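In case you want the letters, here they are:
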Amino acid sequence: MRQFGKSHLLWDEKRVIEAEVHISLHNFLRSQAGFPSWPHHLTMARLVARALRLGRSALIQVGAVCGYQGRYRTSFIASALMWPGPVIIVAPETVQQRLLKIEIPRLQQWLSANKPIRTGDTWPGSDFQGLLLTSPEAWLKAQLASTNQFPPNIPTIIDGVDDLEDWVRDQLTHNIQSHDWDQLMLACPHHVEVIREARVQLTHELFQHPENPYECYLISQPEREILQGLFLALDKKDSLPVVWKIFWQQFQNLEDNSSYPALFWSTINRRQGLFSLHYAPIELDKILFPIWQRQPVVLVGSALEPDTEAPLFRQRLGLDDVTCLKFSADSQGDAIQLYVPYKLPLPNTPEFQAAFIHKVRTLVCLSATAPGMTVVLVGDVPLKARVGAILASEFGSRVQVEKTCLDENGILVTGWEYWRSHQGVLPAPRLLIIATLPLPSLENPLVAGRVAHYKRSHQDWFRLYLLPTALNELQRAIAPVRENQGIVALLDSRVVNRSYGSQILTALSPLARLNYLDPSLFSAPDQENSA
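Residues numbered from 1 in each chain as written. Predicted model: local features only at pLDDT ≥ 70, side-chain atom pairs only at ≥ 80, totals over all residues. Heavy atoms only, no water.

In the nomenclature of an unreviewed UniProt entry, the chain is known as ATP-dependent DNA helicase DinG of Anabaena cylindrica.

S.K.: A description of the pattern of salt bridges should follow, citing residues and the corresponding values.
M.R.: One pass over the full model with this rule turns up 16 salt bridges. For the salt bridge of arginine 73 with aspartate 159, the shortest nitrogen-to-oxygen distance reads 2.6 Å. With arginine 73 in helix 5 (residues 73-82) and aspartate 159 in strand 5 (residues 156-159), this residue pair connects regions lying 86 residues apart in the sequence. Here glutamate 103 and arginine 98 are joined by a salt bridge, their closest N and O atoms 3.9 Å apart. For glutamate 103, a relative accessible area of 3% translates into the label buried. The exposure class assigned to arginine 98 is partly exposed, which follows from its relative accessible area of 36%. Through salt bridges with shared partners, one network takes in Arg98, Glu103 and Arg106. (Salt bridge = Lys/Arg side-chain N within 4 Å of Asp/Glu carboxyl O. Helix = DSSP H or I, 4+ residues; strand = E, 2+ residues; numbered from the N terminus. Buried < 20%, exposed > 50% of the residue type's maximum accessible area, 1.4 Å probe, protein only.)

S.K.: Please provide a residue-by-residue account of the domain arrangement of the chain, values included.
M.R.: Here the domain parsing of the chain yields domain 1 (17-155 + 295-326), domain 2 (172-281) and domain 3 (336-522). Taken over both partners, the interface formed by domain 2 and domain 3 buries close to 780 Å², and the fraction arising from carbon and sulfur atoms is 80%. The largest contributions to the domain 2 side of the interface with domain 3 come from Tyr214, Leu218 and Leu263, which together make up 53% of the buried area. In this assembly, domain 2 and domain 3 are joined by zero salt bridges. In this assembly, domain 2 and domain 3 are joined by zero residue pairs in polar contact (both at pLDDT 80 or more). Of all the secondary-structure elements, those providing two or more residues to the side of domain 2 that touches domain 3 are strand 7 (216-218) and strand 8 (262-269). The greatest single-element share of the side of domain 2 that touches domain 3, amounting to three residues, is contributed by strand 7. Partitioning the side of domain 2 that touches domain 3 into residue classes produces eight nonpolar, one polar and no charged. (Domains from an automatic or database assignment. Buried area = accessible area lost by both parts, 1.4 Å probe. Polar contact = N/O pair within 3.5 Å; in protein donor to acceptor, adjacent residues only side chain to side chain. Nonpolar A, V, L, I, M, F, W, Y, C, P; charged D, E, K, R; others polar.)

S.K.: Go over the packing of aromatic side chains with me, naming the residues and quoting the values.
M.R.: Inspection of the entire model under this criterion finds 19 aromatic pairs. Geometrically, the ring pair formed by tryptophan 38 and phenylalanine 327 is edge-to-face, given 5.1 Å between the ring centres and 80 degrees between the ring planes. Here the residue tryptophan 38 occupies a position in the loop between helix 2 (17-31) and helix 3 (41-54), and phenylalanine 327 occupies one in the loop between strand 11 (323-326) and strand 12 (336-339), the gap between them amounting to 289 residues. Pair check on accessibility: tryptophan 38 and phenylalanine 327 agree, each one buried. Ring-pair connections join several aromatic residues into one group, and the members of that group are Trp181, Phe231, Trp244, Phe247, Trp248, Phe251, Phe264 and Phe275. Taking NZ or CZ as reference, arginine 450 lies 4.1 Å from the ring centre of tyrosine 465, over its face. (Phe/Tyr/Trp six-rings, centres within 6.5 Å; stacked < 30°, edge-to-face > 60°. Lys NZ or Arg CZ within 6 Å of the ring centre and 35° of its normal.)

S.K.: With reference to specific residues and values, describe empty space enclosed by the protein.
M.R.: Over the atoms rolls a probe the size of a water molecule, and its path tells where empty space is left. The final tally for this structure, using the stated rule, is two cavities of 30 Å³ or more. Reported here for the largest cavity is a volume of approximately 50 Å³. Together, Ser367, Ala370, Pro371, Gly372, Thr374, Arg398, Asn409, Arg430 and Leu431 line the largest cavity. Taken together, the residues of the lining of the largest cavity break down into three nonpolar, four polar and two charged. By volume, the second largest cavity amounts to about 30 Å³. Every residue along the wall of the second largest cavity is listed here: Trp416, Trp419, Arg420, Gln423, Glu473, Arg476 and Ala477. Of all the secondary-structure elements, those providing two or more residues to the lining of the second largest cavity are helix 17 (416-422) and helix 19 (461-482). (1 Å grid on protein atoms, 1.4 Å probe; cavity = no way out; pocket = protein on both sides within 12 Å on 5 of 7 lines; lining within 4 Å. Points joined across faces, edges and corners; volume = space filled by probe spheres on them.)

S.K.: Give a detailed account of the sheet that holds strand 13 (residues 374-377), specifying residues and quantitative values.
M.R.: Spatial strand order, 14-15-13-16-17-12-18: seven strands in an open sheet with parallel pairing. In this open sheet, the two edge strands, each paired with only one partner strand, are strand 14 (399-401) and strand 18 (511-514). Each neighbouring strand pair of the sheet contributes to a mean axis angle of 20 degrees, computed without reference to strand direction. Sheet analysis places strand 13 next to strand 15 (residues 411-414), joined by four bridges and oriented parallel. The residue bridging valine 376 from the neighbouring strand is valine 413, located in strand 15. Strands strand 12, strand 13, strand 15, strand 16 (431-434) and strand 17 (487-490) of the sheet are contacted by helix 15 (residues 352-366), whose axis makes an angle of about 175 degrees with strand 16. Of the strands in this sheet, strand 12, strand 13, strand 16 and strand 17 touch helix 19, which is tilted by about 160 degrees from strand 16. (Pairing = 2+ DSSP bridges. Axes fitted to C-alpha atoms, helices over the stretch in contact; angles between N-to-C directions. Contact = heavy atoms within 4.5 Å.)

S.K.: Please set out the environment of histidine 458 residue by residue, giving values where relevant.
M.R.: Mapped onto the elements, histidine 458 comes out in the loop between helix 18 (445-456) and helix 19. Taking the C-alpha atoms as reference points, histidine 458 and valine 496, 38 residues apart in sequence, are found 28 Å from one another.

S.K.: Residue-level account of the pairing of strand 13, with values.
M.R.: Burial along strand 13 is two-sided: the face carrying Thr374 and Val376 and the face carrying Val375 and Leu377 are both buried. Taken together, the four bridges between strand 13 and strand 16 define a ladder with parallel strand orientation. Its bridge partner lying in strand 16, valine 376 is registered against isoleucine 433.

S.K.: Give a detailed account of the sheet that holds strand 8, specifying residues and quantitative values.
M.R.: Strand order in the open sheet made by the four strands is 6-9-8-7, with antiparallel pairing throughout. Bordering the open sheet on either side are strand 6 (174-176) and strand 7, each of which pairs with just one other strand. Taken pair by pair, the neighbouring strands of this sheet meet at an average axis angle of 25 degrees, ignoring direction. Bridging between strand 6 and strand 9 (residues 274-281) involves three bridges; their strand directions are antiparallel. Considered in strand 9, the bridge of asparagine 175 is made with histidine 278. Lying on the sheet, helix 18 is in contact with strand 7 and strand 8; it crosses strand 7 at an angle near 25 degrees.

S.K.: Run through the packing of helix 18 against helix 19, naming residues and quoting values.
M.R.: Direction vectors running N to C along helix 18 and helix 19 enclose 155 degrees, while the axes themselves pass 10 Å from each other. Between helix 18 and helix 19, the interaxial angle falls into the category roughly antiparallel. The handedness of the crossing between helix 18 and helix 19 is right-handed. Every residue of helix 19 that contacts helix 18 at Val447, Arg450, Val451, Tyr454 and Lys455 is listed here: Trp461, Leu464, Tyr465 and Leu466. (Parallel < 35°, antiparallel > 145°, perpendicular 65-115°, else oblique. Left-handed = near helix turned anticlockwise from the far one by under 90°.)

This is how it looks when you write it as structure tokens:
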């Protein structure tokens, strides 16, 4: 009878969790003078609480600016702390540290919540009813291997799912490094010469590839034949190292035209004369679908798709029946000033580089007297180095290429990946100059391999892959500029000359279009300009 009463009380607590979270968070926010404002705290907290109560998964897009600033985390932490059962939060280490040092203590004190808080790569124990913080790597590794490190049916909040596909592919990528060949020869002493010969042949074939900025290459047919010959020559009685067993299994699946299409490529170090082999699946939906069935999940991202339902993201990740919510941006406070010239040469023409460098110099000179940092985003590796050298020759030590030690009015020349990784530790730029749209380059063999798969499947590879990737990257890149309503110069004329340009401009909204350049634009940051 006493057990029944306890269960009934727990059920009653869960039934009113949305109302309790709303009231408590509302009072907390009102009590915090100077707390970063966000109009959607209560709505998000109620949705997370509802997902916990119903055990129904949800997908929430908080917006690029809020995602960059992390203000939304107060909402799901409040719901997780007030929920009477256990909760897992999956987040990168830097986010975990902020939650542990700032968000959780602040809310715990106000809510008088005594919920146990733990961090780690495994579940603390069957009787644990607290909050566990773990990394995406640990959680995904356990889920993909179907281990018991995290029991099923425990509500899980995954923060930062803009990077979820990359996290999953990192976990599913199998690698053969230089030292693995040595291990294979030790495990198969009767076949040392065969292994050594195959390695020499592979080295010769791989280093015949022309150099590219990515130093990676899809495995060619002659290279496949060398590996297939090595596999056939090895005695099946030999006890192969685990990494080779996994590799051979995946390699055979690829050779047998498995229903799980994959990328098989090499990376080479020309200076050291070394190479590595890699394998990763292309499609993730069938692999991830069973994971989402094991427990309710709340996935939180910044700007996954323009559509609230995020159909392409959900399709790629195998997310079926989830509640979707997308918060709109502040049309006033988050607006940027966007300059898109009409007459610049297209990026794939010989005239583009000179025209782009001239425009960059003009922009930097016009903004020379304005306070704040300037960022020049260049995806093309050789062009990035050239721009850095030209600007440094004119503006001296103000210019740095992919470094965080900048002057107050420094000029940072950077690629997309570096900017995404470091924008959180750098001041918000007053001027952001973008060379080209961040469409994945078909010159990258891994991109070309994925595009080839879409083509074989008769799917629209641009709409399903290249454009969504570019939109997400672009919105995240400009998020810091919105803090001070800065200027974004997008020097890719495809925005005005291609049919998909309207989708780019819609994704960048709210904005004010600039059709001209003038020093007054940089001296009056609050001035509004419209087309």
